[in-house]
Amino acid sequence: MEFLNIDKLGQREEKLGNSEEELTLDGTVDKHGRPAVRATTGRWFAGVLLLVNQGLATLAFFGVGVNLVLFLTRVMGQDNAEAANNVSKWTGTVYIFSLLGAFLSDSYWGRYKTCAIFQAIFVAGLVSLSLTSYIFLIKPNGCGDEKMPCRSHSTVHIVLFYMSIYLIALGNGGYQPTIATFGADQFDEDHPQESHSKVSFFSYFYLALNLGSLFSNTILVYVEDKGMWTLGFWASACSAILALVLFLIGTPRYRHRKPTGNPISRFCQVLVAAIRKWKIEQPSNGYELYEGDGRDLADNGSRNILHTKEFKFLNKAAIITSKERFDNPWRLCPVTQVEEVKCILRLFPIWLCTILYSVVFTQMASLFVEQGDAMKTTVSRFHIPPASMSSFDILSVAAFIFIYRRVLDPFVASLKKSSQRGLTELQRMGVGLIIAIMAMVAAGIVEHFRLKYASIDCSHCTNSSSLSILWQVPQYVLIGASEVFMYVGQLEFFNGQAPDGLKSFGSALCMTSISLGNYVSSLLVSIVMRISTTDNMPGWIPGNLNKGHLDRFYFLLAALTAADFLVYLLCAKWYKYIEFEERSIRKQVEEKQGDLRF
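Residues numbered from 1 in each chain as written. Predicted model: local features only at pLDDT ≥ 70, side-chain atom pairs only at ≥ 80, totals over all residues. Heavy atoms only, no water.

1. Observations concerning the overall build of the protein
Right, on to step 1. Helices and strands together make up the secondary structure of the protein, namely 18 helices and two strands.
Right, on to step 2. Of all 598 residues assigned to the protein, the portion counted as buried reaches 56%.
Right, on to step 3. Looking at the protein alone, contacts between residues at least 24 apart form 81% of all its contacts between residues at least 6 apart.
Right, on to step 4. Carbon and sulfur atoms provide 64% of the accessible area of the protein, an area that totals close to 25700 Å². (Helix = DSSP H or I, 4+ residues; strand = E, 2+ residues; numbered from the N terminus. Buried < 20%, exposed > 50% of the residue type's maximum accessible area, 1.4 Å probe, protein only. Contact = heavy atoms within 4.5 Å. Areas by Shrake-Rupley, 256 points an atom, 1.4 Å probe, with all protein chains shown as cover.)

Shown next as structure tokens:
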């Protein structure tokens, strides 16, 4: 094996001497499994292709998601609270499936195969929804607008509908975290120019996500609001098909990372090995711990993680005893494997603090839409669909990405002087929480004044208040600004702080915080409705919003987010950034080149 490794290393050196055959230093390979050539793989050609793919897939997803709450009320006949809860559960399930996609990507399938399979499932779900809506649900034809109600549906029709939208949830959920990490893989973080591009990619990725939904939140939402649901769903299906085709076209140019095996077993090995040695005394320093032979790292470009002092009990898994067998990972684990477990444990409190932010974020797809539906939606005879107001969120995201990257980040970096970067990821996430509090306060104030100009006795609440829907603009703009700081910061933070073999899992952490945020939102709505409907009161979020107090719910979210921010400050201060050794492949090449020069 040593001769084979030296031979591979010699081949890499020979190619490194030729500028046209310069290889990447981060361990990525081409579609044939050979070391990736920098000039012919990855970089912005592959990156832009994946950004366009993300934009089209997002257009398809939000073509369904952004108006789903209105589809449930107008077509499926659900009330406001039930529809809001079902949207929150569905959206939450989308992001729960991101864990499945990340697991398969990091462990077995690799990122390319995972993206391709889950995109195919996504397409199947959209086609099924389009057919189900056309054949069974939109009856009589033209129903589902603000005027014509749809007739009741059989159990079979309802089952087909939910099967379709949860196929969409499975496909999009499994694809999302993997495509983000796969896009980042196209840039060599050990190369000066490409490492800068990799940081920029996450901002452009989130921008592509939002620009992709702009069409959904304007044109498609207008079409669906007029009752042309099937046309809107077919447009989403076609967009998803085009996204899949573009993804497959780029196959020869992609860089890949080899899957590293099941991380669950690696985590369990550390825990079992540490428990078996719980009586053994800790060594005085980390130099006495088992470092491993590094053979598994040389082939995939992974890096050793430096020893840390936190979670000292886990260090016992790397203590070498007289009875130790080096080939039994359930008794002895290298320091890097122990540090992988510590890394996830350190990320966990930060991740928990992001969940409540996602509760705020999810209101755009549910209560913000219902609030807008109960306002004056016409401006100079032009009808504004309530769900299309999220386009202001998208424009805000685009504007604040530019403002942060071009103005704020350089300005903060100049103030710090000692650093080339501005705000850290943790600082940006904290700023996102502060802006989210402001967004909820703004939404509560708008709702307070909406109620003042509302007709309490309206039967359906559509356009029941004379307050213009444009008063919702500030809350959407503030949500968009908070996303740039929170979600872009999350993508960079979790991807950068995850071990090399768990990068998709790092991206999935961002998605699952959104998932749990949706479930927590659904739980909060249920709790609030149960408490506030006592003594024959209609509750804060009744079917007729004019008889409720949605403003109080918004103020409650602002208060909870403020408390979450205080906890986040403590967790961020406690957090210790992961430190890697130099990447094994690069280190071996440089050492051998030094020997040859000597």
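There is more to say after this.
2. With respect to the nonpolar core
Right, on to step 1. Counting residues in each nonpolar core, the largest one holds 127 residues, and the members touching the most others are Phe71, Phe161, Ile350 and Phe553.
Right, on to step 2. Top contributing element to this core by residue count: helix α11 (residues 335–361), with 12 residues.
Right, on to step 3. Ignoring any residue separated from it by four or fewer positions in sequence, one finds Ile350 in contact with Leu426, Met429, Phe493, Phe494, Tyr568, Cys571, Ala572 and Tyr575.
Right, on to step 4. Judged by nonpolar contacts, the second largest core, of 12 residues, contains Val270, Leu289, Ile319 and Val335. (Core = buried A, V, L, I, M, F, W, Y, C linked by side-chain atoms within 4.5 Å.)

3. Quick word on empty space enclosed by the protein
Right, on to step 1. Applying the stated criterion across every chain, the model contains three cavities of 30 Å³ or more.
Right, on to step 2. Its boundaries defined by the atoms lining it, the largest cavity holds a volume of some 520 Å³.
Right, on to step 3. Secondary structure elements with two or more residues in the lining of the largest cavity: α2 (43–65), α4 (80–109), α6 (155–184), α7 (192–225), α13 (390–416), α15 (473–497) and α16 (503–532).
Right, on to step 4. Looking at which element gives the most residues to the lining of the largest cavity, the answer is α7, with six residues.
Right, on to step 5. Here the lining of the largest cavity is built from residues that sort into 17 nonpolar, 12 polar and two charged.
Right, on to step 6. Both domain 1 (22–261) and domain 3 (342–589) contribute no fewer than three residues apiece to the lining of the largest cavity. (1 Å grid on protein atoms, 1.4 Å probe; cavity = no way out; pocket = protein on both sides within 12 Å on 5 of 7 lines; lining within 4 Å. Points joined across faces, edges and corners; volume = space filled by probe spheres on them. Nonpolar A, V, L, I, M, F, W, Y, C, P; charged D, E, K, R; others polar. Domains from an automatic or database assignment.)

4. Focus on α16
Right, on to step 1. The end-to-end C-alpha distance of α16 is 44 Å, a good match for the 44 Å that 30 residues give at a rise of 1.5 Å each.
Right, on to step 2. The sharpest bend along α16 comes to roughly 25 degrees, located at Leu509.
Right, on to step 3. Of all the 30 residues making up α16, 21 are buried; the element is thus mostly covered by neighbouring parts of the structure. (Expected span 1.5 Å × (residues − 1). Bend = angle between axes of the 7 residues up to and from the residue.)

5. Digging into the packing of aromatic side chains
Right, on to step 1. Scanning all chains against the criterion turns up 33 aromatic pairs.
Right, on to step 2. Look at Phe161 and Tyr162: their rings are 5.1 Å apart centre to centre, the planes differ by 70 degrees, and that puts the pair in the edge-to-face class.
Right, on to step 3. A residue is classified by how much of its surface remains accessible, and Tyr162, at 26% relative accessible area, is partly exposed.
Right, on to step 4. Each residue in the set Trp44, Phe187, Phe201, Phe202, Tyr204 and Phe205 is aromatic and connected to the rest through ring pairs, giving one cluster. (Phe/Tyr/Trp six-rings, centres within 6.5 Å; stacked < 30°, edge-to-face > 60°.)

6. Concerning α13
Right, on to step 1. The sharpest bend along α13 comes to roughly 45 degrees, located at Tyr404.
Right, on to step 2. Ser390, Ser391, Asp393, Ile394, Ser396, Val397, Ile401, Tyr404, Asp409, Val412 and Ala413 are the residues of α13 that are buried.
Right, on to step 3. The elements touched by buried residues of α13 are α7, α14 (425–452) and α15.

7. Re the confidence of the model for the protein
Right, on to step 1. Overall, the predicted model of the protein reaches an average pLDDT of 80, with 87% of residues at or above 70.
Right, on to step 2. Within the protein, helix α1 (residues 2–16) has the poorest average pLDDT of any element, 44, and helix α17 (residues 550–574) the best, 93.
Right, on to step 3. Here residues 1–20 is modelled with pLDDT under 50, and outside its nearest four sequence neighbours on either side it reaches 26 contacts, counting other chains as well.
Right, on to step 4. Note on residues 588–598: pLDDT under 50 across the span, and 13 contacts to partners over four residues away in sequence or across chains. (pLDDT = per-residue confidence, 0-100.)

8. Describing the side chain of Ser391
Right, on to step 1. Looking at where Ser391 falls in the secondary structure, it is placed in helix α13.
Right, on to step 2. Residue class for Ser391 comes out buried when judged on its relative accessible area of 11%.
Right, on to step 3. With residues near it in sequence (within four places) discarded, Ser391 still touches Leu214, Asn217 and Thr218.

9. What about unusual backbone geometry?
Right, on to step 1. With an omega of -5 degrees, the peptide bond running from Lys139 to Pro140 counts as cis.
Right, on to step 2. Position of Pro140 among the secondary structure elements: in the loop between α5 (111–137) and α6.

10. Some points on the environment of Ser504
Right, on to step 1. Relative to the elements of secondary structure, Ser504 occurs in helix α16.
Right, on to step 2. C-alpha separation for the pair Ser504 and Gln176, spaced 328 residues apart in sequence, amounts to 9.6 Å.
Right, on to step 3. In this structure, Ser504 is in contact with Ala102, Ser105, Asp106, Arg111, Pro177, Thr178 and Thr181, ignoring residues within four places of it in sequence.

11. A look at the packing of α16 against α17
Right, on to step 1. Put simply, α16 and α17 touch, their axes get as near as 12 Å, and they point 125 degrees apart. Taken as axis vectors, α16 and α17 run oblique relative to one another. Along this stretch, α16 crosses α17, giving a crossing that reads as right-handed. Taking contact as the criterion, the partners of Leu524, Val525 and Val528 in α16 are, on α17, Phe553, Leu556, Leu557 and Leu560.
Right, on to step 2. Looking at the contact of α16 with α17 residue by residue, the classes come out as seven nonpolar, no polar and no charged. (Axes fitted to C-alpha atoms, helices over the stretch in contact; angles between N-to-C directions. Parallel < 35°, antiparallel > 145°, perpendicular 65-115°, else oblique. Left-handed = near helix turned anticlockwise from the far one by under 90°.)

12. A closer look at the pattern of salt bridges
Right, on to step 1. Counting across every chain of the model gives 13 salt bridges.
Right, on to step 2. Note that Arg111 and Asp106 form a salt bridge whose closest N and O atoms lie 3.3 Å from each other. By the burial criterion, Arg111 is buried, and Asp106 matches it.
Right, on to step 3. A salt bridge links Glu194 to Arg255, with the nearest nitrogen and oxygen atoms 2.8 Å apart. You can see Glu194 sitting in helix α7 and its partner Arg255 sitting in the loop between α8 (229–249) and α9 (263–276), a full 61 residues away along the chain.
Right, on to step 4. On the accessibility criterion, Arg255 (0% relative accessible area) is buried.
Right, on to step 5. Overlapping salt bridges bring together Arg38, Asp188, Glu194 and Arg255 as one network. (Salt bridge = Lys/Arg side-chain N within 4 Å of Asp/Glu carboxyl O.)

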